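# Fold and contact review
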Amino acid sequence: TTTTTTSCTGSSTAGAGTLSTPAVTTSINKAIQQLAQKYCGEAKLAFEDLSKITQKVLASRREMVEYDRRQRELISTPVPETSLSHTLHPLAMVQEVEPCNITLLTSQAASTSHKSVSRRGATSCYGCASATVEHCIALLKAMVSSGCCKSILIKQGLIEELIEYNLRRGSASVRSNVRNLLCLITTDNTEATDKLNDIIMSRVVSALSGLGSSPDLSAAVRHEMLLLTNTIEREDSCWETRLRCVMKLFLLAVQSASPVVTESVTLPCLRILQLLIKPPLPETKRQKEKPIDQPISDQGSRYLDNQPGVMAKWLNGDCRVSYDQWRKHVPKPTSTADDPLPSKQEVRQRYLIEKYAAKWKSRLHPTRLPLKLCCDAWLKRVLFCSSSRTVRLVACSIVESLCQLPSRRQEMLDLLTGYLGELGSSGESSAEFLSLYHRLAKPAHWKLYLAARGILPHIGSLIIEEIEHLLALEKTSLSSDLCQGYALKMLTELLSSFIEHESIKRHYKSKLLSTVLNGYLSLRKLVIQRTKLIDETQDMLLELLEEMTSGTESETREFMAICVDTVNKYGADDVLSPVFIFERLCNIIYPEENDVTEFFMNLEKDPQQEDFLQGRMQGNPYSSNEPGLGPLMRDVKNKICRDCDLIALLEDDNGMELLVCNKIISLDLPVRDVYNKICCRENGEGEPMRVVYRMRGLLGDATEEFIESLDRAHEEEQEPEEVYKLASVMAECGGLEVILARLMTVKDLVRGRQLLAVLLKLLNYCSKLKANRQKLLKPQLNTITVLLGILNLVLLSEHDSSGAPTAGVSFAEQILQIMEAILQEAHGIDTVISTKAAEKLTGDKSQLFLLLNQINTPFVRNNTKVLERLMKLIPFLSFGDEERMQTLIKHFKPYTNFNRFDTERTQDDMVHLDCLCIITVGIEQNETGARLKDMFIEKEILSSTMDYITTHTPKTSSINDPEGWKEFLSRSALPYVLRLLKGLVVGHEKTQLAVGNDCIAALHRIERVSSEERVGSLAENVMEALKVNPNVAGKVDEVREQTRAEKKRLAMAMRQKQLGALGMTTNEKGHITSKCGLLKQVEELGDETGLVCCICREGYKYHPAKVLGMYTFSKRAVLDEFENKTRKTLGYSTVSHFNIVHVDCHLAAVRLARGREEWDSAALQNANTKCNGLLPIWGPQVPESAFASCLARHNTYLQECTTYRDPSYYTHIQDQKLLLLRFAEERSFSDESGGGGRQSNAHIIPYMLHMSLYVINTTRCSQREEKNILNFLESTPDKLIESSYEVDGVHYMCVLCLNVFTPAKWKQHRLTFLKRLLITAHTRSLAATGTTRIANRTAQAFSVYKSACVFYGLVDNLYNVLSVAVDNTTESTWSGKLADYIRFNDQQLLENIDKKWLPSYESDLLPVDSFAEFCDAIGLLADVGDPDVYLTNILQSLPA
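Computed from a predicted model, the values in this text were never measured in an experiment.

## Some details on the sheet that holds strand S1 (residues 600-605)
- With mixed pairing, six strands are arranged side by side in an open sheet as S2-S1-S5-S3-S4-S6. At either end of the open sheet lies a strand with only one pairing partner, and these are strand S2 (622-623) and strand S6 (705-707).
- Sheet analysis places S1 next to S2, joined by two bridges and oriented antiparallel. The residue bridging Phe 600 from the neighbouring strand is Ser 623, located in S2.
- Here helix H30 (residues 633-643) sits on the sheet and contacts S1, S2, strand S3 (656-660), strand S4 (663-665) and strand S5 (689-695); the angle it forms with S3, its principal contact strand, is near 115 degrees.
- Against the sheet, helix H31 (residues 671-683) engages S1, S3, S4, S5 and S6, with an angle of about 110 degrees to S5.

Given below as structure tokens:
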């Protein structure tokens, strides 16, 4: 009793403590807070565990007491056997009693329990009550496992009691146990299942009808939906009944749009359906071993084909449409995996059975309706449910799970395609649907299927609907939604996903092009309704447009025609939409270079001028948009000068130079063009442009390339007919008519400026083609009138803007350029001008008058180009009409009073007279132009110009009357008169004859003078124009010849006078003779011959004691690539550009260079070629000590650049060998050094030979080396192959021969050397790594032996060049005499190299293609006999 009381009191206290714990709103001690957490957490759990243990102890004690009591009663009173058995086995007792007495037993047990409890005392402990309920539920679970007990409990109303009192009450575990108990009760019990379903259905329906959209609905139906979910999870025979209940509830709830109903009823039903369609993955091993049902084929649905309203019947419980009935009609597999494969005969028999059975069934049911997916609104509602994203996700998951079979996916795709129209009204609620649709249609074959079903036009129509909706909102609404355009973007993405497929794009792009183009243009007009989504959609449509229009030329032409048709869909008041279309057409006809809006520059100082230039640019990288960095490179230079305080260079454009990509850039070039055309081509886009600035000439003359201008792309050099060939489409599809019609709609330059700019640009491109110009000349187009109207509109608008510089300048220039091209084309077709359509061709008369009046406007006067083009155009507009030509001449006649112009002239007079000159020059040379010039004669304009020339021109030359000519040249009208006269003379015979009769002499006198107004040149132009006429040309030549003779006479007189002053005279033959010895002294001054210093330009003639040297470039190299060693022997290889320099001049230049390295400075003198050595040349009068000192300096250079410690004559000869091998193998000489070719390196060979000779002669080792050569030649046959892989092989010995062998001795042994060279080439071609035996001794292709033969020929030809000069020598004197010859005969030696050795190499040795041809070229046929036999014998002598 004490223990029980304590337990109950403790439980009550714990519960009270838990409920009374308030939320902490003030700051408390951390230790107290931790203690409270432990009390509420760990202490509570420990107390609950202790309470349960206490309850178990009490229950055990109670049972033990009861057991003791019964034992005592048995001992005191005898009990029958049956009663004892029932007492000992209570479960058996329950099974043996009658069913009608179970209730009595239960009531008795309850009353007994009640009495015992009442005896122990009443208690209000919640823990005890909860434990009692749990034990009762556990007892009921045990009783339900018995079939008879389950039915009795059901009849006694256990289901109703549990749902009414226990489903919602108690802890979570108690409620879960109650739901499990109800599931056990209804398992495989149709009656109980129906009863439970009816209860759940009635409770949920009453909650829906009573609470509606109230938030309390969720709490009202939550437990019923959980119970329904648990019952569905049971796998028994009643699953279909439960599923029917779920579907009824789902179809009922889906009708409501309330978010509460959706979350409380619809979503749980959908989750139940998802669980049935897509069961969760197995977690336990037992579940994993359980086979998963595969999707069943739709063939069983044929049973239901002829039963309309299947869904309604199934919901009503019709057994004819149950799952069992459907399952019976599913075809069963006729074979299993274990069955053997049927034979061909069996397969054929089965095929025939199925074939004719299918025919019989089709005849039996001719009106069979196929089973289709239901298109009711419930699927659409859940897929586009706006109140719950979870509902949409679950619905999409269910749909995706149903699409496992291809036939189901096909029907589902057809169904979902019909739902695409809901995107506009659903907005962002359609995101999950679109994601599902993308996943289902992702495979390429499904995209092809949908495309064949016409989805692309359907999407296009939906896009149009959305755009029309947006346009309507644009006109009627002033508010905008940030989500506006979501459906449009999603539809565009869907369309783009289909267009990515190449075959779909190929078939549908022509049909969708108009839709995409119209959509893009419509979105460009949105302002109020524009959102980020619409901007993204617009970009996507533009990308689609780019992708769909990039193709072949024929496809591009089709797109251009579509663009022209699209323009007609927009009204004349729409000046925005056509702009993009015309811009697109312009870009197609002539793609322009992409202009980078912003780029960056690094402004850096030349590192070699750190000591001379102060300051540094600290803001790298600089943006091109920064003030002061453009538009010209001069602005960049000025910013550098300002920021670095280089004020002295600010105004001096010659003091500082800028380098980009190691090129000197002109300061007049635009910065943006330098970046696009130099930097981007070298470094690519995105990289900052590195600009190096330095003082000009500070460290010597610049060697970099100077960029003075940037030529445009190569298209300018091509024919316009080829560059603008796509513009021919405009003449074929009516594009020219559309352009002119749109030009007529431009009434002001405020709204239509952008449209006018692109129209003129496109029309300018079109006018480049002859076919388009001829089309524009057609009278029905009225081209000139339209263009004149636009021109006058532009000029008037610019006049109203007070002549401010605007885009009107470019507009006027473009219009005049287009009109000039069209009218020049008309000039070539005279028949067009002579027809009645001339009025339309040349425009209205009123337009001509307006243009003439525009001359006085400030805008035209201030723009010279516009004025010149306008004046060139006016004669064309007056052609073919006498009245217009009379008007033209009448307009300018008052300004031809030249005498008045000299005394009192105004700006208006000057402009009109200049315009008249331009007009006369622009008159075409045809019948109409001749008629206009006749009218100039008739109106006495020509006579006034001639009278002015003849009256005011002085009669004498400018030498005799300088004052008169000065006054004449100062007349203001004179340049205008000569220009006007030149324009009238060209191509007009009457004017030429008139001027030739009266003005030849005066014009000739004028052309002989020079003035600031270029009067002489103007008169000369008139004279040249007169010479075209044969009748006048003689007079022009006559007066010019007279003047020429007079000038010659005066020049000879002056010559005699000057020669006399110098003490010279001329004889009868015209030769100059001297009266004194001055010429003889001059003749003694001769030029340098031979080698000359590239710095001081003097050689050994004027500085005989100074040592000359040549710049060389040496590099560490392998002496022989075929050496049979793991580590090859290293040496060096030398090349040269053969630039000669005094050693003293070189050292002085290095000292003056300061900041530069020695060889960087030397490269400037070496033609910008790398160098690292200075090979000395021993001149005739150079002391040996000076030469030896320079040679030691050269060896030091070699050690520094090649790290070769001790250069000797051996390495020098190896160097000569490598150089000759370069010639023989035709390898480049300038790969490493960057300069120098065959001739330069041929010149260096004698001086390299002289260097080795000098060492051999000073060390007196020539005889030793001669013995080494002879020993090499006398080697045994077994060493022939082995020596082919040695560094000191036959190539080295050949070069060594040049140093020690006389020509006679070389001739004696040269065939042996040739033999060894051929053997070396043969063995190396067969075994590159070394060998001692050669298996293949047959002759290879001549290419194998060619380099060896050429090498031999080079050495032999060197002997021929040197032996001519060095004769009668012995072995002991050859080296010394050869060295002396090279020392004292530099000019002759170089001439022999250029005229003999190098031509023989290029003309005789390199072209040979066979060994016989080589022997013939080198002169060995007499020695070797048959060359092929000779080669074969050499190879056969090799050891096998």
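## Examining the packing of aromatic side chains
- Per the counting criterion, the structure on display carries 31 aromatic pairs.
- Note on Tyr 520 and Phe 580: the rings are 4.3 Å apart at their centroids and 55 degrees apart in plane angle, and the pair reads as tilted. In this pair, Tyr 520 is assigned in helix H26 (residues 502-524) and Phe 580 in helix H29 (residues 577-589), connecting sequence segments 60 residues apart.
- Ring centres 5.6 Å apart and planes at 90 degrees place the aromatic pair Trp 1178 and Tyr 1254 in the edge-to-face group. Highlighted residues: Trp 1178 in the loop between strand S11 (1173-1177) and helix H58 (1184-1202) and Tyr 1254 in helix H60 (residues 1238-1259), separated in sequence by 76 residues.
- Looking at Trp 1178, the relative accessible area reads 13%, which means it is buried.
- Aromatic rings pair up to connect Trp 1306, Phe 1313, Tyr 1352, Tyr 1359, Trp 1374, Phe 1411, Phe 1414 and Tyr 1430 into one cluster.
- Geometry around Phe 1272 places Arg 1316 over its ring, the cationic atom sitting 4.1 Å from the centre.
- Over the aromatic face of Trp 1178 sits the side chain of Arg 1383, whose NZ or CZ is 3.9 Å from the ring centroid.

## Some remarks on a nonpolar patch on the surface
- A contiguous nonpolar surface patch, about 210 Å² in accessible area, is contributed by Leu 276, Ile 277 and Leu 402.
- Within the secondary structure layout, Ile 277 lies in helix H13 (residues 259-277).
- Assessed through its relative accessible area of 34%, Ile 277 is described here as partly exposed.

## With respect to a negative patch on the surface
- Side chains of Asp 1278, Glu 1282, Glu 1286 and Asp 1288 sit close together on the surface and give a patch of like negative charge.
- Secondary-structure assignment places Glu 1286 in the loop between helix H62 (1280-1283) and helix H63 (1290-1300).
- On the basis of relative accessibility, which here comes to 35%, the residue Glu 1286 falls in the partly exposed class.

## Comments concerning the confidence of the model for the protein
- Averaged over all residues, the pLDDT of the protein equals 79, while 85% of them reach at least 70.
- Low pLDDT, under 50, characterises residues 801-808; the stretch is placed with eight contacts to residues that sit more than four places away or in other chains.

## Remarks on the environment of Glu 598
- Its place among the elements puts Glu 598 in the loop between H29 and S1.
- Along the chain, Glu 598 and Asn 625 lie 27 residues apart, while their C-alpha atoms are 6.5 Å from each other.
- Those residues in contact with Glu 598 that lie beyond four places of it in its chain are Ser 623, Ser 624, Asn 625 and Arg 672.
- Within the structure, the side chain of Glu 598 is placed 2.5 Å from the side chain of Ser 623, a separation counted as a polar contact.

## Section: the nonpolar core
- Counting residues in hydrophobic clusters, the biggest one holds 233 residues, and the most contacted among them are Leu 383, Leu 416, Phe 433, Phe 582, Leu 743, Leu 791 and Leu 1003.
- Excluding anything up to four places from it in sequence, Leu 791 contacts Ala 812, Ile 815, Leu 816, Met 819, Leu 851, Leu 870 and Leu 873.
- In this structure, Cys 1297, Val 1300, Leu 1317 and Leu 1389 belong to the second largest nonpolar core, which totals 113 residues.

## A look at the pairing of strand S10 (residues 1130-1142)
- For S10, the buried fraction is high: eleven of the 13 residues fall into the buried class.
- Inspection of the sheet shows strand S9 (residues 1108-1118) paired to S10 by ten bridges, in the antiparallel sense. Each residue of the ladder has a partner; that of Thr 1112, found in S10, is Ser 1136.

## Quick look at the state of the cysteines
- Counting across every chain of the model gives zero disulfides.
- With no disulfide of its own, Cys 661 lies closest to Cys 679 among cysteine sulfurs, the gap being 5.0 Å.
- Classification of Cys 661 as partly exposed rests on a relative accessible area of 23%.

## Digging into unusual backbone geometry
- In this chain, Asn 620 is followed by Pro 621 through a cis amide linkage whose omega measures -5 degrees.
- Of note, Pro 621 is situated in the loop between S1 and S2.
- Each neighbour pair has its own omega, and for Gly 630 with Pro 631 the value is 5 degrees, a cis peptide bond.
- Mapped onto the elements of the fold, Pro 631 is located in the loop between S2 and H30.
- Phi at Ala 1167 takes a positive value of approximately 55 degrees, unusual for a residue other than glycine.
- Mapped onto the elements of the fold, Ala 1167 is located in the loop between helix H57 (1158-1165) and S11.
- Ala 1167 gets classed as partly exposed once you look at its relative accessible area, which sits at 47%.
- Positive phi is not limited to glycine here, since Thr 1203 has a value of about 60 degrees.
- Relative to the elements of secondary structure, Thr 1203 occurs in the loop between H58 and helix H59 (1209-1225).

## Here's the deal with the pattern of salt bridges
- Here the structure, examined in full by the defined rule, presents 54 salt bridges.
- The residue Arg 203 makes a salt bridge to Glu 224 at a minimum N-O spacing of 2.7 Å. In this pair, Arg 203 is assigned in helix H10 (residues 190-211) and Glu 224 in helix H11 (residues 217-232), connecting sequence segments 21 residues apart.
- What makes Glu 224 buried here is its relative accessible area of 2%.
- Glu 1024 serves as the salt-bridge partner of Arg 1040, at 2.9 Å between the closest nitrogen and oxygen. Placement of the pair is Arg 1040 in helix H54 (residues 1030-1061) and Glu 1024 in helix H53 (residues 1015-1026), with a sequence separation of 16 residues.

Calculation notes
Residue numbers here run from 1 along each chain, matching the order of that chain's written sequence. Residue-level local features of this predicted model are given only where pLDDT is at least 70; pairs of side-chain atoms are given and counted only at 80 or more, and the full residue set underlies all totals for whole chains, interfaces and linings. As a rule here, side-chain values cover all heavy atoms of the structure and leave hydrogens and water aside. When DSSP finds two or more bridges between a pair of strands, those strands are recorded as paired. The helix and strand labels rest on DSSP assignments: H or I over at least four residues marks a helix, E over at least two residues marks a strand, and numbering proceeds from the N terminus. Any pair of residues with heavy atoms lying within 4.5 Å of one another is described as a contacting pair. All axes here are fitted lines through C-alpha atoms, helices being fitted over the stretch that makes contact, and every angle between N-to-C directions spans 0 to 180 degrees. Centre distance within 6.5 Å is the pairing criterion for rings of Phe, Tyr and Trp, where only the six-membered ring of Trp is used; planes under 30 degrees apart are then read as stacked, over 60 as edge-to-face, and the remainder as tilted. Buried, partly exposed and exposed residues are distinguished by accessible area as a fraction of the type maximum, computed with a 1.4 Å probe on protein chains only: under 20%, between the cut-offs, and over 50%, respectively. Note on criteria: charge over ring means Lys NZ or Arg CZ within 6 Å of the ring centre, with the direction from the centre no more than 35 degrees off the ring normal. Patches here are clusters of residues that have more than 30% relative accessible area and form no salt bridge, with a 9 Å joining cutoff for like charges and a 5 Å cutoff for nonpolar side chains (Val, Leu, Ile, Met, Phe, Trp, Tyr). Here, Shrake-Rupley sampling with a 1.4 Å probe gives the accessible areas, and only protein chains in the shown set may cover a residue. Salt-bridge detection follows one rule: a side-chain nitrogen of Lys or Arg within 4 Å of a carboxyl oxygen of Asp or Glu. All tallies of charge rest on Lys and Arg as positive and Asp and Glu as negative; His and the ends of each chain are not included. Where a charge lies is defined by one atom per residue type: Lys uses NZ, Arg uses CZ, Asp uses CG and Glu uses CD. pLDDT gives the predictor's per-residue confidence on a scale running from 0 to 100. Polar contacts here mean pairs of N or O atoms no more than 3.5 Å apart (in protein, one a potential hydrogen donor and the other a potential acceptor; neighbouring residues in sequence count only if both atoms are side-chain atoms). For the purposes of this section, nonpolar cores are sets of buried Ala, Val, Leu, Ile, Met, Phe, Trp, Tyr and Cys residues that join through side-chain atoms within 4.5 Å. Disulfides are defined in this document as cysteine sulfur pairs within 2.5 Å.

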